[in-house]
Amino acid sequence: QSSSAVSVSASTQMAGGATAAVRWAALALVLAVAAVSSGAAAECGAPCLLRAEKLQTALRSSLSLAPTASHAAVASAAVDSSNGGIININPTMFDDLINKSPRNFSMILMLTALSDGRDCVPCKQGAREFKLVARSFYKEYPNVENVLFGLVDFDRDGGEIFRKLQCQGAPTLFAFKGSGKPGRALGQMDNVDEIANYLHKALGYKVKVVRPVDYGRVLAFFSTLAVIGATCYFFWPAVYAVISYVPLWAYAAIAFALFNMGGLMWLQIRGAPFIGGNKNGPEYVHGSNGYQYGAECFIIAGVQGAITVGLVLLAEVASRQSGKVKTTMTIFCVALVFVVFSILYRLFRDKYGGYPYKLLF
């Protein structure tokens, strides 16, 4: 009877502990949702609306210098507060408000192509980074009303503007000052640093770009934390068996080293796309030594891992095997290392065009 009582007491305590764990997990999720909701409201609320109002005021004032501009042009310039204060420019607006001198405003104009059918990865990335620079500028210079940011999408109605500016590539930046011809950035501009540097060079405004909080990640973090806590509570013996398995940590450390050799940290800092693209199709290896795609990280990690496996197997064969098996395995391991090194040399030559040496490829 006492044994039964002890069992019932233990079951009751366990049930009570489980209920407490579930309550803490639910509380964490509620707090995460509340943080996401309040943060999103703060991010897209009054500051964005104020920014939009100032841009509208600047556009209306520009009509005094462009009496032929139609109300339709200004209406189409309605600034979307969710778009970081960037104005979508159409041909009528370009002719009536921008491509005339003198102007009572300056504009940084990005020419790009955002159609899903075109699938221009640098264009989409450049538009996102351009929006981020615009948001950071209006946050750092809230009283500057004569600097605007515009976007021309070739795939909507921007083809004519591309032809007038003699632009044959995207994404490309132009700077329109108060008077004179527009300045043009050299090369594609698809990351925050390049866009911010061009803004500073063209208009003299130095912007400290601050990436907004990703509330989706915040929610994912709290959700993951709650799941991990509940898993550890309910399945601790299995969890302990996994985390105390030494080979698992060894494999994880090797994988971490290989991916960092492939440029994982650089990708995290720069936020480069996973793959690129050109007229010949998708591009997995960028043809420059100053940039890379996410796919390159996996390719380099795989190549380095294959070289490591080949060398380890070669050492194991030399110390443990004998006879025909040793000879066969030695030839296989040497061939594996030679072929993979050839791939590594080829990748290096693709990144550094003038490198003269190669093995098989």
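This one's a predicted model, so the numbers in the text were calculated from it and none came from an experiment. (Residues numbered from 1 in each chain as written. Predicted model: local features only at pLDDT ≥ 70, side-chain atom pairs only at ≥ 80, totals over all residues. Heavy atoms only, no water.)

**Notes on the overall build of the chain**
Link 1 in the chain: Helices and strands together make up the secondary structure of the chain, namely 13 helices and 7 strands.
Link 2 in the chain: Buried positions account for 35% of the 361 residues belonging to the chain.
Link 3 in the chain: Contacts spanning at least 24 positions in sequence make up 65% of the contacts within the chain whose residues lie at least 6 apart.
Link 4 in the chain: Of the roughly 21200 Å² that the chain leaves accessible, carbon and sulfur atoms contribute 63%. (Helix = DSSP H or I, 4+ residues; strand = E, 2+ residues; numbered from the N terminus. Buried < 20%, exposed > 50% of the residue type's maximum accessible area, 1.4 Å probe, protein only. Contact = heavy atoms within 4.5 Å. Areas by Shrake-Rupley, 256 points an atom, 1.4 Å probe, with all protein chains shown as cover.)

**Some points on the side chain of T172**
Link 1 in the chain: Relative to the helices and strands, T172 is located in strand β4 (residues 172-176).
Link 2 in the chain: Using a relative accessible area of 5% as the deciding quantity, one classes T172 as buried.

**So, the confidence of the model for the chain**
Link 1 in the chain: When pLDDT is averaged along the chain, the result is 76; 76% of the residues meet or exceed 70.
Link 2 in the chain: Put simply, helix α3 (residues 71-76) is where the chain has its lowest mean pLDDT, 39, and helix α10 (residues 246-261) is where it has its highest, 91.
Link 3 in the chain: Within the model, the stretch residues 62-81 combines pLDDT values under 50 with 38 contacts to residues more than four positions away or in other chains. (pLDDT = per-residue confidence, 0-100.)

**As for the sheet that holds strand β5 (residues 183-184)**
Link 1 in the chain: Taking strand neighbours across the sheet as the criterion, the 5 strands line up as β1-β3-β2-β4-β5 in an open arrangement whose pairing is mixed. Edge strands, defined here as strands with exactly one partner in the open sheet, are β1 (86-88) and β5.
Link 2 in the chain: Here strand β2 (residues 106-112) runs beside strand β3 (residues 147-153); their pairing, made up of 7 bridges, is parallel. Bridged to M110 within β3 is L151. (Pairing = 2+ DSSP bridges.)

**Some remarks on the nonpolar core**
Link 1 in the chain: I89, M107, I108, L109, F130, F149 and L173 are the most contacted members of the largest nonpolar core, which totals 46 residues.
Link 2 in the chain: Those elements that provide at least two residues to this core are β1, α4 (91-98), β2, α5 (121-140), β3, α6 (154-164), β4 and α7 (192-203).
Link 3 in the chain: In terms of residue count, α5 provides more of this core than any other element does, 7 residues in total.
Link 4 in the chain: Once you skip the residues sitting within four places of it in the chain, M107 turns out to touch I87, I89, I98, L148, F149, G150, F174, A175 and F176.
Link 5 in the chain: Grouped together as the second largest cluster of nonpolar side chains are 6 residues, I307, V340, L344 and L347 included. (Core = buried A, V, L, I, M, F, W, Y, C linked by side-chain atoms within 4.5 Å.)

**Considering the layout of surface pockets**
Link 1 in the chain: The calculated volume of the largest pocket comes to roughly 690 Å³.
Link 2 in the chain: Looking at the largest pocket, it is lined by 30 residues, and the ones nearest its centre are C120, P122, A170, Q188 and G277.
Link 3 in the chain: Counting residues per element, the lining of the largest pocket draws most heavily on α5, at 4 residues.
Link 4 in the chain: Across the lining of the largest pocket, the residue classes break down as 14 nonpolar, 10 polar and 6 charged. (1 Å grid on protein atoms, 1.4 Å probe; cavity = no way out; pocket = protein on both sides within 12 Å on 5 of 7 lines; lining within 4 Å. Points joined across faces, edges and corners; volume = space filled by probe spheres on them. Nonpolar A, V, L, I, M, F, W, Y, C, P; charged D, E, K, R; others polar.)

**A look at unusual backbone geometry**
Link 1 in the chain: Cis geometry is found at the peptide bond from A170 to P171, where omega equals 0°.
Link 2 in the chain: Considering the arrangement of structural elements, one finds P171 in the loop between α6 and β4.

**Overview of the state of the cysteines**
Link 1 in the chain: As enumerated under the stated definition, the model contains 1 disulfide in all.
Link 2 in the chain: Each sulfur of the disulfide joining C120 and C123 lies 2.3 Å from the other. Across the disulfide from C120 to C123, rotation about the S-S bond amounts to roughly 65°, and the bridge is consequently right-handed. Grouping residues by exposure puts C120 and C123 together as buried. (Disulfide = S-S within 2.5 Å.)

**A short note on the packing of aromatic side chains**
Link 1 in the chain: Counted under the stated rule, the structure contains 17 aromatic pairs.
Link 2 in the chain: For the pair F259 and F298, a centre-to-centre distance of 5.3 Å together with 75° between the ring planes defines the contact as edge-to-face. Of the two residues, F259 is situated in helix α10 and F298 in helix α12 (residues 294-320); the sequence distance between them amounts to 39 residues.
Link 3 in the chain: These aromatic residues form a ring-pair network of at least three members: F130, F137, Y138, Y141, F149 and Y205. (Phe/Tyr/Trp six-rings, centres within 6.5 Å; stacked < 30°, edge-to-face > 60°.)

**A look at the packing of α12 against helix α13 (residues 323-351)**
Link 1 in the chain: Running from N to C, α12 and α13 cross one another at 155°; their axes reach a closest spacing of 9 Å. The angle between α12 and α13 falls in the class roughly antiparallel. The chirality of how α12 crosses α13 is left-handed.
Link 2 in the chain: Of the residues contributing to the contact of α12 with α13, the split by class is 20 nonpolar, 3 polar and 3 charged. (Axes fitted to C-alpha atoms, helices over the stretch in contact; angles between N-to-C directions. Parallel < 35°, antiparallel > 145°, perpendicular 65-115°, else oblique. Left-handed = near helix turned anticlockwise from the far one by under 90°.)

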